[in-house]
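Structural characterization, general
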Amino acid sequence: MKMRHLVVALLALGLAASMPAPAFSQAKSDTIKIGAFLPMTGGVAAYGQGSWQGAQFARDMKPTILGKKVELVLVDDKSDKIEAANAVTRLVEKEKVVAIIGSSISGNTLAGGPIAEKAGVPIVSPTATNPLVTQGKKYIFRVCFIDPFQGEMAAKYAYETLKKRKAALIIDKAQDYCVGLADFFEKNFTRLGGQIVAKTYCQTGDKDFTAQMSAIKAKNPDVLYMPNYYTEVALAMKQAKDLGLNVPVISGDGAQDKALLDIGKQYVEGLMFTGHFEKEAANTPLARQFIPAYEKKYGKVGTFDVMGADAYFVLADAIERAKSTEGAKIRAALASTKNFKGISGTMTIGEDGNAVKSLVIVQVRNGDFRYVATVEPSGAKPEPKKAAPKKK
Amino acid sequence: MELTFFLQQMINGVALGSLYGLIAIGYTMVYGIIRLINFAHGDVMMMGCYFAYFGILMFSMPWWVSFAVAMVLTAVLGITMDKGAYLPVRNAPRISALITAIGVSFLLENVGLVVFGGRPKGFATPAMFSEVYEVAGLMVPALVVWTPLLTLVILSGVLFIIHRTKTGRAMRCISLDMETTRLMGVDVNRIISVTFAVGSAAAAAGGIMWAMRYPEINPLMGIIPGFKAFVAAVLGGIGNITGAMLGGLLLGVAEILLVALMPELAGYRDAVAFGLLILILLFRPTGLMGTKLPD
C-alpha cells in the first residue's frame, strides 16, 4: 500500500518536472517571450482588453525581433493589486519572459513593479500615470505622460480657458492614480487662485455616488474634477445630472474608453479630459500605418489599444538596439529611447523612465470623443487649435 | 438648506436601500425554506441583467417584454441550478450545500466572463425610468418611486405564494421539517425547485432595477450587491421576507448617511455594512424581525 503511494507520488513528480521543460527550451532557441499583465476582467477590464488587442496587433505588424519570433504571454491581473503581483511573479518565474508590458493602471503596476525590479526584468507600462510607479526604480518604464503634467494642465484648462474658480473633487481613495491626480489638480488650481469648495471620497467598486454628488451640489462649485476610471466617471456623471448638478466636468486619461460612452450615454455629453491620444491629432508615420489597418480589423481605434501597441513598439525598438534579450541590456536601451515616433506621439524616455510627450484635451460631443487641443510638455497654456496639430 | 440636504440624502438612501431590499427578498426566501445561504444569488441577479440586456439589444424586444423574458429565463436558471448543483447534496451536511453554492457562484461568474467578456456594457434604461422629478427643491429620480413599488409588488407576490397557495403551504412545511413533509406525500424536490424559480425571478427583477439605476453591467457585478443583500437579509432576520426589505432600507440609508455626514469615511462604507453584519450576528443573531420563520 505504502509502496504504491510512493510510486504514484514519484510519477506525479516526474510528470510535473517534465512539463515546463519543452516550453523553456523553445523560449531559449528561436522565440522571444514578452509577458503582459493587464486587467482583462474586473473594474478596469476595458483598459486591459484594449491594450492587449493593440499589443497583439503591433506584434503582428512587427512579428520578429532580432530575427526571432515574438511570443506574447498574457496574464490577467483582474484589476486587482494582489493579482497583479501574482501575475508578474508568474511571468518572471514560470514563463521566463525577457520583458513585460503592463499594467494599465498605476495601483497594479506599483504592486507588480518591485517583483520585476528585483528579478531584473524590464516593465513597460502603457498607461500607468502615477509618478510613484517608476520613481526610484531602474527597470520600470512607461510610454505615457505622468500625473503632475496632466493634473496641472487640467487645472490650467479649468482656470484659464473655462474661467472657473470654484472646483469640487471626488477622489477614489483606493486608487493611487485618483489620489495623486486629484492632489496635482488641487495644488495647481489653488496656486492659480482658484478654490476647492468640496472634496468627497469614494472607493473602487462603488456604484452609488448620490451622497457625494448631493454634498458637492450643496457647495455650489462651478466645475467638477473627477480623476476616476471610466465606470465611476460615467455613473457619477449620471447621478450628478439626476441630482441637478449641471456644471462642467473634467477628468483624466482614465475616462477615454468607449465603455464610458456606452455606460454614460447622454449623461457624459460635454465631459472634458486630458488624454494620451486622439485620432485627429495623430500624425506620426507609425500612426498613419497602424490606425487604418487596425480600424479595418476592429472598427474604431481606442486610446488604450494605441497605448498597448506603443508599449510593444518601444520595447521592440529597445530590444533591437540592445541586440540582446538580457534584462540589463534591454533596460539600458529603454532608458536611452530618444524621439521615438510612436502612434500616440513622439516620446523620449526621460528621468525615472517616464516618457516626455504631449497630451491632448478631448471632449465628449455627440456621443463620441472629439479632439480639442494639444498641449506640449513644456507646459504652455492649452490653446484650441483650428487646423492640424503642430508637427514636430 | 440643511433640511433640504438631509431630505435629499434620505431619498438617496431609500433609493439605494430599496434595491438592496429587493435583491434580499429572493436571498432570504430561499434560506427561509431550505436553510441554504445561496451565495450564487448575486450572480443569478447578474445573469438576469444580461438576459434583459440581450433581449433589448439583440432581439430588439420592447423593454417590458425583455424584462419579463429575463425573469422567466432567470427562473429557469434557478431551477437548473437547483437540479444540477443542490439536489445531489440535498441530504449531505449543510456545509456541503454552502460550499456548492460558492462553487455555483464562481461558475456563473467565470461562464459570464467567457461568454459576455470582461468589458462592461451599458444598460439601456427605458425613458420612463430615467426621468427625474423636482419636488420642492428635491431631486427625485423616477426609479426612487418605481423600485419600492416593485419591491412591494414582489413582496406581496412572494408572501401570497407562501401563505395563500398549496405550494406555499408545502414550502412552509419544508422549512419546518423536510423529512416529515416528504412522508406526507409532498414532492419536496419540485417544491424546492419552485422556491428557486421564484427566488431567482425576484433576483432578476432586483438586478434589472439595479442596472437601470447604475447602468453598467459586467460579469462580476453581482458580487457586492449579493453581499449587501446578504447583510440586509441578516439585518432583517434571515428567512424573514418583510425583514429583508426593512434590512435593505436600513442598510441603504446607513451607507448614504455615513458618506453624507462623514465624507472622510466614505471609503469605509462597505466596511460599515459588514461591520454591521458582525454586530448583528454578535448581539442580535435573529435580526430585527425576531426568530419567526416565514409563516
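Procedures and definitions
Residues numbered from 1 in each chain as written. Chains lettered and ligands numbered in written order. Predicted model: local features only at pLDDT ≥ 70, side-chain atom pairs only at ≥ 80, totals over all residues. Heavy atoms only, no water. Helix = DSSP H or I, 4+ residues; strand = E, 2+ residues; numbered from the N terminus. Rg over C-alpha atoms; globule rule 2.2 N^0.38 Å. Buried < 20%, exposed > 50% of the residue type's maximum accessible area, 1.4 Å probe, protein only. Contact = heavy atoms within 4.5 Å. Areas by Shrake-Rupley, 256 points an atom, 1.4 Å probe, with all protein chains shown as cover. Lys, Arg positive; Asp, Glu negative; His and termini not counted. Charge placed at Lys NZ, Arg CZ, Asp CG, Glu CD. Buried area = accessible area lost by both parts, 1.4 Å probe. Salt bridge = Lys/Arg side-chain N within 4 Å of Asp/Glu carboxyl O. Pairing = 2+ DSSP bridges. Expected span 1.5 Å × (residues − 1). Bend = angle between axes of the 7 residues up to and from the residue. Axes fitted to C-alpha atoms, helices over the stretch in contact; angles between N-to-C directions. Domains from an automatic or database assignment. Nonpolar A, V, L, I, M, F, W, Y, C, P; charged D, E, K, R; others polar. Arc of directions from axis to C-beta. Phe/Tyr/Trp six-rings, centres within 6.5 Å; stacked < 30°, edge-to-face > 60°. Lys NZ or Arg CZ within 6 Å of the ring centre and 35° of its normal.

A few words on the overall build of chain B. For chain B, the count of helices and strands is twelve helices and four strands. A compact globule built from 295 residues should have a C-alpha radius of gyration of about 19 Å, and chain B, at 19 Å, falls within 12% of that. If one aligns the C-alpha atoms of chain B with their principal axes, the spans along those axes are about 65 × 50 × 35 Å. Taken over 295 residues, chain B has a buried fraction of 56%. Counted over contacts in chain B with a minimum sequence separation of 6, partners at least 24 positions apart contribute 76%. A total of about 12,200 Å² of accessible surface is found on chain B, and carbon and sulfur atoms cover 73% of it. Side-chain charges of chain B comprise 17 positive and 14 negative groups, with the mean position of each set lying 11 Å from the other.

The interface of chain A with chain B comprises 36 residues on the first partner and 32 residues on the second. Both faces combined, the contact of chain A with chain B buries some 2,800 Å², and carbon together with sulfur accounts for 56% of it. If you sort the residues of chain A by the area they bury against chain B, K207(A), D208(A) and D242(A) come out on top, with a joint share of 18%. For the interface between chain A and chain B, the tally reads three salt bridges. A salt bridge links R119(B) to D257(A), with the nearest nitrogen and oxygen atoms 2.9 Å apart.

This part covers the pairing of strand β3 (residues 68-76) of chain A. All names here are of chain A. Note: strand β1 (residues 31-38) against β3, eight bridges, orientation parallel. Bridging across to β3, G35 finds its partner in V73. The pairing of strand β2 (residues 64-65) with β3 spans two bridges and is antiparallel. Within β3, the position partnered with T64 by the bridge is K69. In this structure, the hairpin formed by β2 and β3 is closed by a connection of two residues, where L66 is found at a positive phi of approximately 55°.

The next point concerns helix α5 (residues 106-119) of chain A. Within an α-helix, residues lying three or four positions from one another point in the same direction, as the helix has 3.6 residues per turn. Residue and element names in this part refer to chain A. In this model α5 runs 20 Å from its N-terminal to its C-terminal C-alpha over 14 residues, within 8% of the 20 Å that 1.5 Å per residue would give. Of all bends in α5, the biggest is about 35°, found at G113, and the proline P114 comes one to four residues later. Within the span of α5, buried status applies to S106, G107, N108, T109, L110, G112, G113 and A116. Along its buried surface, α5 packs onto β1, α4 (81-94), β4 (99-102), β5 (123-125), β6 (140-142) and α7 (176-192). Within two residues after α5, G120 carries a phi angle of roughly 70°, on the positive side.

Bringing the environment of I238(B) into the picture now. Residue and element names in this part refer to chain B. Along the chain, I238 falls in the loop between α10 (223-236) and α11 (241-261). C-alpha of I238 to C-alpha of D177: the two residues are 61 residues apart in sequence and 18 Å apart in space. Contact partners of I238, with chain neighbours within four places excluded, come to T28, Y31, F230 and A233.

Residues and elements named next belong to chain A. Strand order in the open sheet formed by seven strands is β8-β7-β9-β10-β11-β15-β16, and the pairing between neighbours is mixed. Each edge of the open sheet is held by one strand with a lone partner, namely β8 (195-202) and β16 (368-375). With direction set aside, neighbouring strand axes in the sheet form an average angle of 25°. The pairing of strand β15 (residues 359-365) with β16 spans seven bridges and is antiparallel.

Okay, the domain arrangement of chain A next. Residues and elements named next belong to chain A. Here chain A is partitioned into domain 1 (9-145 + 283-357) and domain 2 (147-275 + 360-375). Here domain 1 meets domain 2 over a buried area of about 1,600 Å², counting both sides, of which 52% is carbon and sulfur. When the area that domain 1 buries against domain 2 is broken down by residue, the three leading residues are Y47, T129 and F145, summing to 31%. Close ionic contact of K81 with D176 constitutes a salt bridge, the shortest N to O distance being 4.0 Å. Among the secondary structure elements, those contributing two or more residues to the side of domain 1 that touches domain 2 are α3 (45-61), α5 and α12 (303-322). Per-class residue counts for the side of domain 1 that touches domain 2 are nine nonpolar, seven polar and three charged.

The next thing to look at is the pattern of salt bridges. The tally for this structure, following the rule as stated, stands at 22 salt bridges over all chains. Where E255(B) meets K228(B), a salt bridge forms, and the shortest distance between an N and an O atom there is 2.9 Å. Placement of the pair is E255(B) in helix α11 and K228(B) in helix α10, with a sequence separation of 27 residues. E255(B) gets classed as buried once you look at its relative accessible area, which sits at 2%. Salt-bridge contacts for R269(B) lead to E255(B); the nearest nitrogen and oxygen are separated by 3.2 Å. Remark: E255(B) occurs in helix α11 and R269(B) occurs in helix α12 (residues 269-283); sequence separation between them is 14 residues. Sharing partners across several salt bridges, the network here consists of K33(A), R90(A), K94(A) and E95(A).

With that settled, the discussion passes to α12(B). Along its 15 residues, α12(B) runs 21 Å from first to last C-alpha, staying within 8% of the 21 Å computed at 1.5 Å per residue. Listing the buried residues of α12(B) in full gives R269(B), D270(B), A273(B), L277(B) and I280(B). End-on, the buried residues of α12(B) take up no more than an arc of 120°, which puts them together on one face. Opposite the packed face of α12(B), turned more than 90 degrees from it, sit the exposed residues I278(B), L282(B) and F283(B). Packing partners of the buried residues in α12(B) comprise α8 (210-218) of chain A together with α1 (2-34), α10 and α11 of chain B.

With that out of the way, let us pick up the pairing of β4(A). Residues and elements named next belong to chain A. Of the two faces of β4, the one lined by A99 and I101 and the one lined by I100 and G102 are each fully buried. Here four bridges tie β1 to β4, and the two strands are oriented parallel to one another. Bridge pairing links I34 to A99 in β4. Both β4 and β5 contribute to a ladder of two bridges, which runs parallel.

We now examine the packing of aromatic side chains. All names here are of chain A. Considering all chains together, one arrives at 31 aromatic pairs over all chains under this definition. Ring geometry for Y47 against Y230: centres 5.0 Å apart, planes inclined by 75°, an arrangement best described as edge-to-face. Here Y230 lies in helix α9 (residues 230-242) and Y47 lies in helix α3, a separation of 183 residues in the sequence. Like Y47, the residue Y230 is buried in the burial classification. Their ring planes at 70° and their centres at 6.2 Å tell us that F57 and Y298 sit as a pair that is edge-to-face. Note that F57 is positioned in helix α3 and Y298 in helix α11 (residues 285-298), a separation of 241 residues in sequence. Taken together, the ring pairs in this structure connect F57, F290, Y294, Y298, Y312 and F313 into an aromatic cluster. Its end group placed over the ring of Y267, K238 keeps NZ or CZ at 5.4 Å from the ring centre.

All names here are of chain A. Spatially, the three strands line up as an open sheet ordered β12-β13-β14, and their pairing is antiparallel. Of all the strands in the sheet, just β12 (340-341) and β14 (355-356) have a single pairing partner and so form its edges. Of the strand pairs in this sheet, strand β13 (residues 346-349) and β14 are connected by two bridges, and their pairing is antiparallel. Its bridge partner lying in β14, T348 is registered against V356.

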